[in-house]
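The primary structure of each chain is shown beneath.
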Amino acid sequence: MKSAEKGRARLPWFVRMTNPLRVLGWALVCLMMVACLYPRDPSPLVWLWVVGWSLCWPVLAILHTRWADDPRRAGYRNILVDSAGFGVFAVVVSGSLIPATSLLFFQLFNSAAVGGAASALRGFVAFVLGAVLGVLVLDASFVADVGPFAAWVCMLCMVLYVIVGITWFYRGNRQLIRLRNYLPDRVAKMVLNSGSEELLQPRRARVTVCAFDLRGFTAFSDAADPEQVIALLRDYYAMVGTAVEDCGGTVERFAGDGMVAFFNAPEAVPDAEARALHAALRVQSGFRSLRQTWLSRGHDLGLGIGVASGEATVGTIGFGDQWQYAAIGTVTNLSARLCAMAADGEVLVSGDALATVGDADAEDRGEQSIRGLGEPVPVFNVRGLPGDSAQQLIAKSVIR
């Protein structure tokens, strides 16, 4: 990971800040435009349009992605504008068959690479709208085709782009597989699309941490068959992991019957405390049916959850090929202590984590002395959130 970052540091700043494949695409398109237009001696207005769009827009798009609150959505918007620009370029070259087809190919390739078939379709619509805009603004005439030299340049640019693109996707898929080992799928894709692992670098952040721990698991694992133990853990992990990721959180680690998840890192999310509590209550609700399944097989299990909010150091830790995205600090220890205090079916929450949620259905357990902390901590047993509003807010704002 570190060697990859050092390698990127040697690249130009505008390449480091975006997807290098996209920069290559723009460079090849500029080369195609020059090859097609130069023999025709177009007007200065046409050259100004080409130079302005080729140089100014990519820089603005890169900065837009860099500074946006959600880089992935900003990237989608930039691709739409790219597609419209390619449509204008198709008019600039007078709709000639080979360059216009090449531009359409570049647009579809770029859009599909960023967002799949749906993105490619939206990009195609933007391409058509850009072509209509080009006709209205430039009043260009149609020319059947270009000279042999320009045709060869277009074909070679497409071949080069395909070769580099396939190589890029192959390396990207390998990187995505690696990132998925310790990040939710959507976050791994966000890191990959941004072309940088800056999101994963160590930093301080306010996070909400959830700790989950099964009750009665030790006796169960001693008495049950190995296949039963693994089957239970798979169901348990899937239930907790799905609830956490649906609410915008990150599962940090599995440790036997214990799990840790946190919210607001590596991607910032609004209402991190409400999301964490919603995930915890959803897990407790789902665990009731899971418990009944195993109770019918002669095994009585329970689940306790602890939730705390506070400052932590977040980033990737590990060695060699073993990496993990983690949150380290007092807040993580506090959530673990609350989890240990929680009885079966309880969600014990620190006062700081509950303060921003609102009128939750919570039982005040008073100030509790927590091992490792100098001062007592207000603790609440949360049984529900205020109505459905919090759940609806979370569902609408989760980044998928």
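A short tour of the structure in this document, coming up. (Residues numbered from 1 in each chain as written. Predicted model: local features only at pLDDT ≥ 70, side-chain atom pairs only at ≥ 80, totals over all residues. Heavy atoms only, no water.)

1. Here we look at the overall build of the protein chain
Reasoning step 1: Within the protein chain, the regular secondary structure consists of 14 helices and eight strands.
Reasoning step 2: In the protein chain, which comprises 400 residues, the share counted as buried stands at 48%.
Reasoning step 3: Here the contacts in the protein chain between residues at least 6 apart in sequence split such that 71% fall between residues at least 24 apart.
Reasoning step 4: Summed over all atoms, the accessible surface of the protein chain reaches about 19600 Å², with 61% contributed by carbon and sulfur. (Helix = DSSP H or I, 4+ residues; strand = E, 2+ residues; numbered from the N terminus. Buried < 20%, exposed > 50% of the residue type's maximum accessible area, 1.4 Å probe, protein only. Contact = heavy atoms within 4.5 Å. Areas by Shrake-Rupley, 256 points an atom, 1.4 Å probe, with all protein chains shown as cover.)

2. Re the pairing of strand E1 (residues 203-215)
Reasoning step 1: Sheet topology places E1 next to strand E4 (residues 302-319); 13 bridges connect them, and they run antiparallel. Counterpart to Ala 205 in the pairing with E4 is Ala 312. (Pairing = 2+ DSSP bridges.)

3. Observations regarding the environment of Glu 252
Reasoning step 1: Looking at where Glu 252 falls in the secondary structure, it is placed in strand E2 (residues 250-255).
Reasoning step 2: Judged by relative accessible area, Glu 252 falls into the buried class, the value being 6%.
Reasoning step 3: For the pair Glu 252 and Gln 324, spaced 72 residues apart in sequence, the C-alpha separation works out to 7.4 Å.
Reasoning step 4: Excluding its chain neighbours within four sequence positions, the residues that come into contact with Glu 252 are Val 260, Ala 261, Phe 262, Gln 324, Tyr 325, Ala 326 and Ala 327.

4. Looking at the nonpolar core
Reasoning step 1: Core analysis: the largest hydrophobic core is formed by 43 residues, its most contacted members being Phe 212, Tyr 236, Leu 277 and Val 307.
Reasoning step 2: Per element, the largest residue contribution to this core is 10 residues, and it comes from helix H11 (residues 272-295).
Reasoning step 3: Once you skip the residues sitting within four places of it in the chain, Tyr 236 turns out to touch Phe 212, Asp 213, Leu 214, Asp 257, Gly 258, Met 259, Leu 290 and Leu 303.
Reasoning step 4: Counting residues in hydrophobic clusters, the runner-up holds 32 residues, among them Met 33, Val 50, Leu 103 and Cys 157. (Core = buried A, V, L, I, M, F, W, Y, C linked by side-chain atoms within 4.5 Å.)

5. Notes on the pattern of salt bridges
Reasoning step 1: For the coordinates displayed, the defined rule picks out nine salt bridges.
Reasoning step 2: Here Asp 213 makes a salt bridge to Arg 215, at a shortest N to O gap of 2.8 Å.
Reasoning step 3: Of the charged contacts in the structure, one is a salt bridge between Arg 365 and Glu 346, with a shortest N-O distance of 2.4 Å. One end of the pair, Arg 365, is in strand E7 (residues 361-368); the other, Glu 346, is in the loop between helix H12 (330-341) and strand E6 (347-350), and 19 residues separate them in sequence.
Reasoning step 4: Among the residues examined, Arg 365 registers a relative accessible area of 29% and is labelled partly exposed.
Reasoning step 5: Salt bridges sharing common partners tie together Glu 346, Asp 361, Glu 363, Arg 365 and Arg 383. (Salt bridge = Lys/Arg side-chain N within 4 Å of Asp/Glu carboxyl O.)

6. Brief notes about the environment of Leu 233
Reasoning step 1: Looking at the secondary structure, you find Leu 233 in helix H10 (residues 226-246).
Reasoning step 2: Accessibility expressed as a relative area gives 12% for Leu 233, which makes it buried.
Reasoning step 3: As a C-alpha pair, Leu 233 and Leu 214 span 19 residues in sequence and 10.0 Å in three-dimensional space.
Reasoning step 4: Sequence-distant contacts of Leu 233, defined by excluding residues within four places in its chain, comprise Phe 217, Gly 256 and Asp 257.

7. Quick word on H10
Reasoning step 1: For H10, which comprises 21 residues, the first-to-last C-alpha distance of 30 Å matches the rise-based estimate of 30 Å (1.5 Å per residue) to within 8%.
Reasoning step 2: The set of residues buried in H10 consists of Val 229, Leu 232, Leu 233, Tyr 236, Met 239, Val 240, Gly 241, Ala 243 and Val 244.
Reasoning step 3: Buried residues belonging to H10 abut E1, helix H9 (217-223), E2, strand E3 (258-263), H11 and E4.
Reasoning step 4: Of the residues one or two after H10, Gly 248 is the one with positive phi, at around 90°. (Expected span 1.5 Å × (residues − 1).)

8. Concerning a nonpolar patch on the surface
Reasoning step 1: Taken together, the side chains of Leu 108, Leu 121, Phe 124, Val 125, Val 128, Leu 129, Val 132, Leu 133, Leu 136 and Val 137 define a hydrophobic patch exposed on the protein surface, amounting to about 910 Å² of accessible area.
Reasoning step 2: Counting through the fold element by element, Leu 129 comes out in helix H6 (residues 97-138). (Patch = residues over 30% accessible without salt bridge, like charges linked within 9 Å, V, L, I, M, F, W, Y side chains within 5 Å.)

9. Digging into H12
Reasoning step 1: Between its first and last C-alpha, H12 extends 17 Å over 12 residues, near the 16 Å set by a 1.5 Å rise per residue.
Reasoning step 2: Those residues of H12 that sit buried are Val 331, Thr 332, Leu 334, Ser 335, Leu 338 and Cys 339. In an axial view of H12, the angular spread of the buried residues amounts to 160°, which keeps them on one side of the axis. (Arc of directions from axis to C-beta.)

10. So, the side chain of Arg 275
Reasoning step 1: Structurally, Arg 275 is set in helix H11.
Reasoning step 2: No salt bridge is formed by the buried Arg 275; its nearest oppositely charged neighbour, Asp 271, is found at 5.6 Å.
Reasoning step 3: Polar contacts involving the side chain of Arg 275 include one to the main-chain carbonyl oxygen of Pro 270, which spans 2.7 Å. (Lys, Arg positive; Asp, Glu negative; His and termini not counted. Polar contact = N/O pair within 3.5 Å; in protein donor to acceptor, adjacent residues only side chain to side chain.)

11. Considering unusual backbone geometry
Reasoning step 1: With an omega of 0°, the peptide bond between Ala 265 and Pro 266 qualifies as cis.
Reasoning step 2: You can see Pro 266 is positioned in the loop between E3 and H11.
Reasoning step 3: Positive phi outside glycine occurs at Asn 264, with the angle close to 90°.
Reasoning step 4: With respect to the helices and strands, the residue Asn 264 is situated in the loop between E3 and H11.
Reasoning step 5: Even without a glycine there, the phi angle at Asp 271 is positive, about 55°.
Reasoning step 6: Mapped onto the elements, Asp 271 comes out in the loop between E3 and H11.
Reasoning step 7: By relative accessible area, which is 37% here, Asp 271 ends up partly exposed.

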